[in-house]
Amino acid sequence: MPKPVPDDEESMSECRKFCGPCPSFKPNQLNEFEPHALFCSRGKTEKPMSEVKNNGCSCFGCGLFPKYELEGGFFCMHGTGGKK
Ligand code: SF4
Ligand code: SF4
């Protein structure tokens, strides 16, 4: 079972390294919509899904992924509700 990811600066600094350069992040301007990043903790983007293009997910390389036993990835699109 995934564990809760803390919404803190340590998590954000890790997220920046993976969501930041992710091909689904900048091209979709996810930084301009709440919650901006750290989707594995904060939930999915508020940008309408019909306007989000899935270009892949870099979460699988993120250190928080194994640390908190995360599953599924694509948290900006699917939220934290588990696999999809
Ligand atoms: S698992 Fe994904 S959303 Fe969560 S901190 Fe890492 S890169 Fe960001
Ligand atoms: S949650 Fe995954 S798909 Fe979304 S921007 Fe971060 S790395 Fe990319």
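Residues numbered from 1 in each chain as written. Chains lettered and ligands numbered in written order. Predicted model: local features only at pLDDT ≥ 70, side-chain atom pairs only at ≥ 80, totals over all residues. Heavy atoms only, no water.

(A) Just the environment of Cys40, in detail. Looking at the secondary structure, you find Cys40 in helix α2 (residues 39–42). Put simply, Cys40 and Asp7 are 33 residues apart on the chain and 9.3 Å apart in space, counted from C-alpha to C-alpha. When neighbours within four sequence positions are excluded, Cys40 is seen to be in contact with Val5, Leu70, Phe75 and Thr80. (Helix = DSSP H or I, 4+ residues; strand = E, 2+ residues; numbered from the N terminus. Contact = heavy atoms within 4.5 Å.)

(B) Local environment of the site of ligand 2. In the vicinity of ligand 2, the contacting residues are Cys19, Cys22, Phe25, Phe39, Gly56, Cys57, Ser58, Cys59, Phe75, Cys76 and Met77. At three residues, helix α4 (residues 75–78) tops the list of elements feeding residues into the shell around ligand 2. Residue composition of the shell around ligand 2, grouped by class: nine nonpolar, two polar and no charged. (Near = heavy atom within 4 Å. Nonpolar A, V, L, I, M, F, W, Y, C, P; charged D, E, K, R; others polar.)

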